[in-house]
Amino acid sequence: MIFVMLFLQVILTKAEAQKDYELNYTISLDTVGHYLNVRLDYAASTADSPELVLNMPVWTPGYYEILNFPKHLCDFSVSDVQGLPLSWRKEGMNRWRISLPANRRATISYRIYANRRDVASSRVERDVAFIAPAGVFMHVDGQIEHPVTVVFQMPNTWQHISSGLKPHTDNRLAFTASDFDMLYDSPFLLGNFYQKLFDHEGHSYEFALETPDGVEDINFLQDFCCIVSAATKMMGDVPYDNYCLIHMGKGGGGLEHFNSQACYTDGSFRFASRRDHVKFLAFVAHEYFHLYNVKCIRPAELWPIDYNREAITPMLWVSEGLTCYYEFRLLRYAGIVTPDEAMQLLSTYFSLYAPYDGQHHMSLRESSYDIWLNFMNDDANERDVRLNYYFKGPVIGLLFDIDIRLKTNQQRSLDDVMRLLYNRYYKQLHRGFTEEEFWEAAEEVAGQSMTTIRRLVDTTTVPNYNDYLQPAGLYIDTTDWSIRRMEHPTPAQQQFLKAMNLD
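Residues numbered from 1 in each chain as written. Predicted model: local features only at pLDDT ≥ 70, side-chain atom pairs only at ≥ 80, totals over all residues. Heavy atoms only, no water.

Some points on the overall build of the protein
Point 1. Regarding its fold elements, the protein presents 14 helices and 22 strands.
Point 2. For a compact globule of 503 residues, the expected C-alpha radius of gyration is about 23 Å, and the protein comes in at 24 Å, within 12% of that figure.
Point 3. Here the analysis covers contacts within the protein between residues at least 6 apart in sequence; of these, 69% occur between residues at least 24 apart.
Point 4. Of the roughly 21,300 Å² that the protein leaves accessible, carbon and sulfur atoms contribute 50%. (Helix = DSSP H or I, 4+ residues; strand = E, 2+ residues; numbered from the N terminus. Rg over C-alpha atoms; globule rule 2.2 N^0.38 Å. Contact = heavy atoms within 4.5 Å. Areas by Shrake-Rupley, 256 points an atom, 1.4 Å probe, with all protein chains shown as cover.)

As structure tokens, this is what we get:
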């Protein structure tokens, strides 16, 4: 009882302390020099510390690389309400200590150079700006849970702001996040771009497309809604109220967020081939399914988030690799692609790792640890000594799914594992899962040991793929690493193909 009372006292004291100050950001844009001009107005009660310590993240969740965001910062200064300078000192690469005046009010100003075209970095141009919040906003040291308000000052000719955060009802340029986890997880697109608002199955959605050429011609809205419906039916729940899809022009990559996705495209929605179109839809499905698998179903090491250092976990093959597997599952389940197109997607992943020697030197589990070293590694020997969980992960996902279906006589599947993790750890326990809890969940669904599949994850053992694929009426053609259906499947194999939507 004493422990409980002390614990509650600590929680209440922390909550009260976080009500004792306000954080209000104002962001203006230098569209010529590619800068974000940042002003933070801090106001606290006189009961607080005479010093203020601010931190800026060095990475952003979902992008597993130390990016050292403060390297883009310049012209840091601090002043009091009269505009007189206050003293401060830098402590490490992402930490600032400020001496506060007696009234505990200060204005912190700095500029962020924003001229990179990737989903983890900000970009300011003549007609548009993309704000990647982790590289722009500072939080009070140790107080991620504090609310924060952001107000944008846009050029008069700019029309829109799009984000997963909703603007204030009385000021479309002002946004409030309940804490910094939410702010850092909510990118913004500002400027002149294609914006479309619509509702689907009781939730509100927004398209924010920087280069929308051809989007109406390919019926993208309908395809996206089909992806959403398929994921909702599969998982049995939608955890957000609203969702914003931010797609920009030519650039690289995509990044998932709890109620949005931010992706670069090829600058057009006119695709040279049906295959390119399907690859794009798989990309969208991937980032959308991350809403469940990593934003909700997350390894324990990824929550709470420490923005000052790496979050090392052996389970990113689940977060990323299995999400790649669900690209094919969602698109097929939604009826967007044919069985052959779905198998072609999976075949691509086989071909990206199976012919290379790296699979003999690094396990799938190890690749989850070493992603912090190898995320953008372009060494010439990369595929000879390392494994990419984006490539082998979906292959193991396929074998995993087939194995559970075999063990349960088609009564259960990998989908049941994902639903169990979502309902138990996200919705009921409000936490991430440990490595052992993941395997326990898999065995609970399968009703048997998953030792064989786990060995394929934990070691460099190369599976005999056809031993797994044959019961499902499939086989792998190692001449080009493509998955094919058997020409004359047995009734049991035909049933399997039908259950996996591959008939």
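Section: the sheet that holds strand 17 (residues 203-209)
Point 1. Strand order in the open sheet formed by five strands is 16-17-18-20-19, and the pairing between neighbours is mixed. Since the sheet does not close on itself, it has two edges, and those belong to strand 16 (194-200) and strand 19 (254-257), each with one partner. Taken over all neighbouring pairs, the strand axes of this sheet differ in orientation by 10° on average, direction set aside.
Point 2. Summarising the sheet, strand 18 (residues 242-250) and strand 20 (residues 260-265) pair through six bridges and their orientation is parallel. In the sheet register, His 247 faces strand 20, and the bridge partner there is Cys 263.
Point 3. Of the strands in this sheet, strand 16, strand 17, strand 18 and strand 20 touch helix 3 (residues 220-235), which is tilted by about 40° from strand 16. (Pairing = 2+ DSSP bridges. Axes fitted to C-alpha atoms, helices over the stretch in contact; angles between N-to-C directions.)

Observations regarding the side chain of Ser 163
Point 1. With respect to the element layout, Ser 163 can be found in strand 12 (residues 160-163).
Point 2. At 3.0 Å, the side chain of Ser 163 and the backbone oxygen of Pro 187 are in polar contact.
Point 3. Beyond its immediate stretch of four places on either side in the chain, Ser 163 contacts Ser 186, Pro 187, Phe 188, Glu 206 and Cys 244. (Polar contact = N/O pair within 3.5 Å; in protein donor to acceptor, adjacent residues only side chain to side chain.)

Topic: the pairing of strand 18
Point 1. Within strand 18, eight of the nine residues are buried, which leaves the element mostly enclosed by the surrounding structure.
Point 2. The sheet contact formed by strand 17 and strand 18 spans six bridges and is parallel. Note on strand 18: the bridge partner recorded for Glu 206 is Cys 244.
Point 3. Regarding topology, helix 3 serves as the crossover connection from strand 17 to the parallel strand 18, and that connection is left-handed. (Buried < 20%, exposed > 50% of the residue type's maximum accessible area, 1.4 Å probe, protein only. Right-handed = clockwise from strand over helix to strand, strands pointing away.)

What to know about the environment of Asp 379
Point 1. As for its placement among the helices and strands, Asp 379 is situated in the loop between helix 7 (364-374) and helix 8 (382-385).
Point 2. Note on Asp 379: relative accessible area 40%, which makes it partly exposed.
Point 3. Considering only alpha carbons, one finds Asp 379 and Tyr 205, 174 residues apart in sequence, at a separation of 41 Å.

Description of the side chain of Ser 347
Point 1. Relative to the helices and strands, Ser 347 is located in helix 6 (residues 339-353).
Point 2. Residue class for Ser 347 comes out buried when judged on its relative accessible area of 9%.
Point 3. In this structure, Ser 347 is in contact with Trp 481, Ser 482 and Ile 483, ignoring residues within four places of it in sequence.

Topic: the confidence of the model for the protein
Low pLDDT means the predicted atomic positions in that stretch should not be read closely.
Point 1. Across the protein, the average pLDDT comes to 94, with 96% of residues at 70 or higher.
Point 2. In the model, residues 1-17 has pLDDT below 50 throughout and makes one contact with residues more than four positions away in sequence or in other chains. (pLDDT = per-residue confidence, 0-100.)

Some words on the layout of surface pockets
Point 1. Taken as a whole, the second largest pocket encloses approximately 980 Å³ of empty space.
Point 2. No other element matches the three residues that helix 2 (residues 180-184) contributes to the lining of the second largest pocket.
Point 3. Of the residues assigned to the lining of the second largest pocket, the class counts are 18 nonpolar, 10 polar and 11 charged. (1 Å grid on protein atoms, 1.4 Å probe; cavity = no way out; pocket = protein on both sides within 12 Å on 5 of 7 lines; lining within 4 Å. Points joined across faces, edges and corners; volume = space filled by probe spheres on them. Nonpolar A, V, L, I, M, F, W, Y, C, P; charged D, E, K, R; others polar.)

A closer look at the state of the cysteines
Point 1. All chains considered together, the criterion is met by zero disulfides.
Point 2. Unpaired in terms of disulfides, Cys 263 finds its nearest cysteine sulfur in Cys 244, a separation of 11 Å.
Point 3. The thiol of Cys 296 is unpaired, and the distance to the nearest cysteine sulfur, on Cys 263, comes to 17 Å.
Point 4. The exposure class assigned to Cys 296 is buried, which follows from its relative accessible area of 2%. (Disulfide = S-S within 2.5 Å.)

Re the pattern of salt bridges
Point 1. Applying the stated criterion across every chain yields a total of 33 salt bridges.
Point 2. Measuring nitrogen to oxygen at the nearest pair gives 2.9 Å for the salt bridge that ties Arg 111 to Asp 75. Linking Arg 111 in strand 7 (residues 105-113) with Asp 75 in strand 4 (residues 73-79), this pair joins segments that are 36 residues apart in sequence.
Point 3. Since its relative accessible area comes to 26%, Arg 111 is described here as partly exposed.
Point 4. Across the pair Asp 415 and Arg 329 runs a salt bridge, and its minimum N-O distance is 2.5 Å. Of this pair, Asp 415 sits in helix 10 (residues 414-428) while Arg 329 is found in helix 5 (residues 316-333), placing the two residues 86 residues apart along the sequence.
Point 5. Using a relative accessible area of 8% as the deciding quantity, one classes Asp 415 as buried.
Point 6. With relative accessibility at 5%, the residue Arg 329 sits in the buried group.
Point 7. Taken together, the salt bridges that share partners define one network made up of Glu 51, Arg 89, Glu 91, Arg 95, Arg 97 and Asp 141. (Salt bridge = Lys/Arg side-chain N within 4 Å of Asp/Glu carboxyl O.)

Brief notes about the packing of aromatic side chains
Point 1. Enumeration over the complete set of coordinates arrives at 48 aromatic pairs.
Point 2. Ring geometry for Phe 152 against Phe 175: centres 6.1 Å apart, planes inclined by 75°, an arrangement best described as edge-to-face. Of the two residues, Phe 152 sits in strand 11 (residues 148-153) while Phe 175 sits in strand 14 (residues 171-177), which places them 23 residues apart along the sequence.
Point 3. Overall, Phe 175 belongs to the buried group, its relative accessible area being 2%. (Phe/Tyr/Trp six-rings, centres within 6.5 Å; stacked < 30°, edge-to-face > 60°.)

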